[in-house]
Amino acid sequence: LRVSIIGAGLGGLLAGAALSKEHDVDIYERLDIYGGRFTNLPYEGFQLTTGALHMIPHGPTGPLAALLDRVGAGVKIVRTSPMGCFMTKDNRQISFFNFRELLSARAQARIPALMAKMLVQKKGTVADMVWDDPEWLQLSDSCCGWALSTLSRDTPGEEAAAIIRHVVGGGPGKYNTPGVPMGGCGAVVDALARKLEENGGRIHLGEKVDSVIVEDGKAKGVAVGGERHEADMVISDIGHRLTSALYDARYSNPKYADVLQKLRPSAGVKICLAAEEPLVGHPGVLFTPYAQRVNGMNEVTHIDPSLAPEGMHLTMSHQALRSNDIQQEIKLGLQDLRNMFPGKKYSVLLVQTYRDDWPVNRISSGFDLGNLTPVKGLYVVGDGAKGKGYMEVEGVASGVANLLDTLKA
Ligand code: FAD
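Being a predicted model, the structure only gives us computed values, none of them experimental.

Conventions we followed
- Along every chain, residues carry numbers that run from 1 in the direction the sequence is written.
- Since the coordinates come from a predicted model, pLDDT governs what is reported: local features require at least 70, and pairs of side-chain atoms require 80 or more to be given and counted, while whole-chain, interface and lining totals use all residues.
- Heavy atoms from the whole structure form the basis of all side-chain values; hydrogens and water molecules are not counted.
- Per-residue accessibility, obtained with a 1.4 Å probe over protein chains only, is compared with the maximum for each type, and a residue is labelled buried under 20%, exposed over 50%, and partly exposed between these values.
- A helix here means a DSSP run of H or I that spans at least four residues, while a strand means a run of E at least two residues long, and both kinds are numbered starting from the N terminus.
- Paired strands are those between which DSSP finds at least two bridges.
- Call a crossover right-handed when, viewed with both strands pointing away from you, the route from the first strand across the helix to the second goes clockwise.
- A molecule or strand has a residue near it when one of that residue's heavy atoms lies within 4 Å.
- Here a polar contact means two N or O atoms within 3.5 Å. Within protein one must be a hydrogen donor candidate and the other an acceptor candidate, and residues neighboring in sequence count only if both atoms are side-chain atoms.
- Only the protein chains shown count as cover for residues, with accessible areas throughout obtained via the Shrake-Rupley method and a probe of 1.4 Å.
- To obtain an axis, a line is fitted to C-alpha atoms, over the contacting stretch when the element is a helix, and the angle between two such axes runs from 0 to 180 degrees between their N-to-C directions.
- One side-chain nitrogen of Lys or Arg within 4 Å of one carboxyl oxygen of Asp or Glu is enough to make a salt bridge.
- By definition in these notes, contact holds between two residues if any of their heavy atoms fall within 4.5 Å.
- We call a set of buried residues a nonpolar core when its members are Ala, Val, Leu, Ile, Met, Phe, Trp, Tyr or Cys and they connect through side-chain atoms within 4.5 Å of each other.
- Detection works on a 1 Å grid of protein atoms alone, calling trapped sets that fit a 1.4 Å probe cavities and calling open sets with protein on both sides within 12 Å along at least five of seven lines pockets, with lining residues defined by an atom within 4 Å of a point.
- Grid points are joined across faces, edges and corners, and a volume is the space filled by probe spheres set on the points.
- Polar here means any residue outside two lists: the nonpolar Ala, Val, Leu, Ile, Met, Phe, Trp, Tyr, Cys and Pro, and the charged Asp, Glu, Lys and Arg; Gly therefore counts as polar.
- The source of the domain bounds is an automatic or database domain assignment.
- Joining two parts hides part of their accessible area as seen by a 1.4 Å probe, and the buried area is that hidden amount summed over both.

Draft legend 1. Main features of the pairing of strand 2 (residues 24-29). By the criterion of burial, strand 2 is predominantly enclosed, with five of the six residues buried. Bridging between strand 1 (residues 2-6) and strand 2 involves five bridges; their strand directions are parallel. The residue bridging Ser4 from the neighbouring strand is Asp26, located in strand 2. Each parallel crossover has a hand, and the one from strand 1 via helix 1 (residues 10-19) to strand 2 is right-handed. In terms of strand pairing, strand 2 meets strand 9 (residues 202-205) through four bridges, oriented parallel. The residue of strand 9 that forms the bridge with Glu29 is Leu205.

Put into structure tokens, the structure is as follows:
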């Protein structure tokens, strides 16, 4: 079959690398680089990124690692140790698993009830799950903000519980905790692009898809720069809403169009620091529940020193966007970093804001629509079609794996 893919982000490349084993695949990418929000951005000897923080949520044992393996794209993913820590109010670090130390006796007494809620609660948000209790909200906002770029009140409780179950995985000693790909995000998308090309597939850079050609309710290809490219199947890596704008609305249906109107991306701010001395001090996530804005940070150069100039560290903080006053959000984020690391030697390399059509998540976790569209032969992958219960690039990979299963069936 001839397959046209719109967008060479991680989702498009994963689908392309997998399908090019058996089919003739063309990927059209509007930018002059591939990788979308998951590639390196070299800057002053540091490997900054177009989006992700060089971290794979379930490390070498999640859906992304499994799919990379399945398509033969070899990438070494090293699990972080420790998995994560919390920063206390007085700027000490404690293990993630000792989170009780952060809570009063009253809040600790709610742990069994919270566990029970995680097993049975089907409705409501994470904020409902933690009774809007301010002590618990600080912890849950920090975890949701770091992992999903949403706050507790915007995160469906059921989805968060499913994500936690996937992290806990096979139980103690077998947790699916985060990992860092050696070479950073860029190494992952490079390996996929190489695989696609080895299989005879093609990536067309600088070629924006203007429309999806639909005839009799079936996708027949894509139009790029006025040229028609026929295909038997079209896969879009740009989310349901942007994809639906590429074909005649007559082929949509009112229910689908209505759902699209309600979809919200998740937005965030990332601050990249050049650290002359370790700030976090280990490769695991440092959750920061008592900061005004920053939800967490990492320092992946403890695993891959090549992501910074020799002797330096790359420290990246992330915060869910709490208001539309971007300058104020950034100011508060920078203030957090100054408060947490007084007297430490670092400088700010870059501050990046992610929202609208270059968001953290094209659809906030828990609201994904799946791969199908109202048009036959037109499918969506990427972080607008994440697999249920999987966050970030694990969601992207599990969504692609779901599509591959659907196509096989
Ligand atoms: P994209 O990367 O957006 O790819 C879509 C591609 O389509 C783009 O290259 C775009 O240019 C192209 N395109 C758009 N329109 C057209 C058109 N009309 N024609 C042709 N091409 C088109 N995930 C993690 O797992 N770990 C992390 O540490 C992490 N941190 C993050 C931090 C930030 C600040 C951000 C922004 C994201 C983070 N993520 C993280 C999420 C992760 O980066 C994304 O889930 C993932 O990269 C999304 O990939 P995608 O293929 O769905 O979309």
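Next comes the rest of the description.
Draft legend 2. Inspection of the site of the ligand at higher detail. Close to the ligand lie 32 residues, the nearest being Glu29, Arg37, Met55, Asp237 and Arg362. Between a nitrogen atom of the ligand and a side-chain N or O atom of Glu392, the distance comes to 2.9 Å. Here an oxygen atom of the ligand sits 3.1 Å away from a polar atom, N or O, in the main chain of Val393. Calculation on the ligand without its partners gives an accessible area of 1,000 Å², and the protein chains cover 96% of this total.

Draft legend 3. Focus on the sheet that holds strand 12 (residues 227-230). Strands sit in the order 10-11-12 across an open sheet of three strands; the sheet is antiparallel. Two strands in the sheet have a free side with no partner beyond their single neighbour: strand 10 (209-215) and strand 12. Strand-to-strand twist in this sheet, taken as the mean axis angle between neighbours without regard to direction, amounts to 30°. In the sheet, strand 11 (residues 218-224) pairs with strand 12 via four bridges, with the strands oriented antiparallel. Note on strand 12: the bridge partner recorded for Ala223 is Arg228.

Draft legend 4. Quick look at the pattern of salt bridges. For the coordinates displayed, the defined rule picks out 20 salt bridges. Taking the shortest distance from any N to any O, the salt bridge between Arg293 and Glu329 comes out at 3.0 Å. Remark: Glu329 occurs in helix 11 (residues 326-340) and Arg293 occurs in the loop between strand 15 (285-287) and strand 16 (296-298); sequence separation between them is 36 residues. Side by side, Arg293 and Glu329 carry an identical accessibility label, which is buried. Residue Asp368 is joined to Lys386 by a salt bridge in which the shortest nitrogen-to-oxygen separation is 3.1 Å. Remark: Lys386 occurs in the loop between strand 19 (378-380) and helix 12 (392-408) and Asp368 occurs in the loop between strand 18 (346-354) and strand 19; sequence separation between them is 18 residues. Shared partners join several salt bridges into a network, and the residues in it are Arg106, Arg110, Asp133 and Glu135.

Draft legend 5. The side chain of Thr288, seen in detail. Counting through the fold element by element, Thr288 comes out in the loop between strand 15 and strand 16. With relative accessibility at 2%, the residue Thr288 sits in the buried group. Discounting chain neighbours no more than four positions away, the residues touching Thr288 are Met87, Ser142, Val294, Asn295, Gly296, Met297 and Met340.

Draft legend 6. Expanded view of the nonpolar core. Formed by 40 residues in total, the largest nonpolar core has its most connected members in Leu10, Leu14, Phe38, Leu64, Leu68, Leu192 and Ile235. For this core, the secondary structure elements donating two or more residues are strand 1, helix 1, strand 2, helix 2 (63-71), helix 8 (184-198), strand 13 (233-236) and helix 12. Filtering out sequence-adjacent residues up to four positions away, Ile235 remains in contact with Val3, Ser4, Ile5, Ile6, Leu19, Tyr379, Val381 and Leu403. Counting residues in hydrophobic clusters, the runner-up holds 38 residues, among them Ile94, Phe99, Met129 and Cys272.

Draft legend 7. Just the layout of surface pockets, in detail. A volume near 500 Å³ is recorded for the second largest pocket. Arg264, Pro265, Ser266, Ala267 and Ser364 are the residues nearest the centre of the second largest pocket, which is lined by 21 residues in total. Here the residues of the lining of the second largest pocket are counted per class, giving eight nonpolar, six polar and seven charged.

Draft legend 8. Quick peek at the sheet that holds strand 15. Pairing is mixed in the open sheet, where seven strands are placed in the order 7-6-15-16-17-14-18. Taken across any chain shown, the strands that pair with only one partner, and hence form the sheet edges, are strand 7 (93-95) and strand 18. Taking the axes of each pair of neighbouring strands and ignoring which way they run, one obtains an average angle of 25° across the sheet. Here eight bridges tie strand 14 (residues 268-275) to strand 17 (residues 313-320), and the two strands are oriented antiparallel to one another. Directly across from Lys270, in strand 17, lies its bridge partner His318. Running at roughly 145° to strand 18, helix 11 makes contact with strand 6 (84-87), strand 14, strand 16, strand 17 and strand 18 of the sheet.

Draft legend 9. Local environment of the pairing of strand 1. Of all five residues that make up strand 1, four are buried, and the element is covered over most of its length. Pairing of strand 1 with strand 13, which is carried by four bridges, proceeds in the parallel orientation. Counted as the bridge partner of Ile6 is Ser236 from strand 13.

Draft legend 10. Fine view of the environment of Gly387. Relative to the helices and strands, Gly387 is located in the loop between strand 19 and helix 12. Residue classification places Gly387 among the buried positions, given a relative accessible area of 4%. When the C-alpha positions of Gly387 and Pro57 are compared, they lie 14 Å apart, and in sequence the two are 330 residues distant. Leave out the neighbours within four places in its chain, and Gly387 touches Gly395, Ser398, Gly399 and Asn402.

Draft legend 11. The arrangement of the domain arrangement of the protein in detail. Domain boundaries in the protein define domain 1 (2-78 + 180-264 + 362-408), domain 2 (98-168) and domain 3 (268-354). Look at where the C-alpha atoms of domain 2 and domain 3 centre, and you get two points 24 Å apart. Contacts between the two partners involve eleven residues from domain 2, matched on the other side by 15 residues from domain 3. Summing both partners gives a buried area of about 1,100 Å² for domain 2 against domain 3, and 64% of it is carried by carbon and sulfur. Connecting domain 2 to domain 3 are zero salt bridges.

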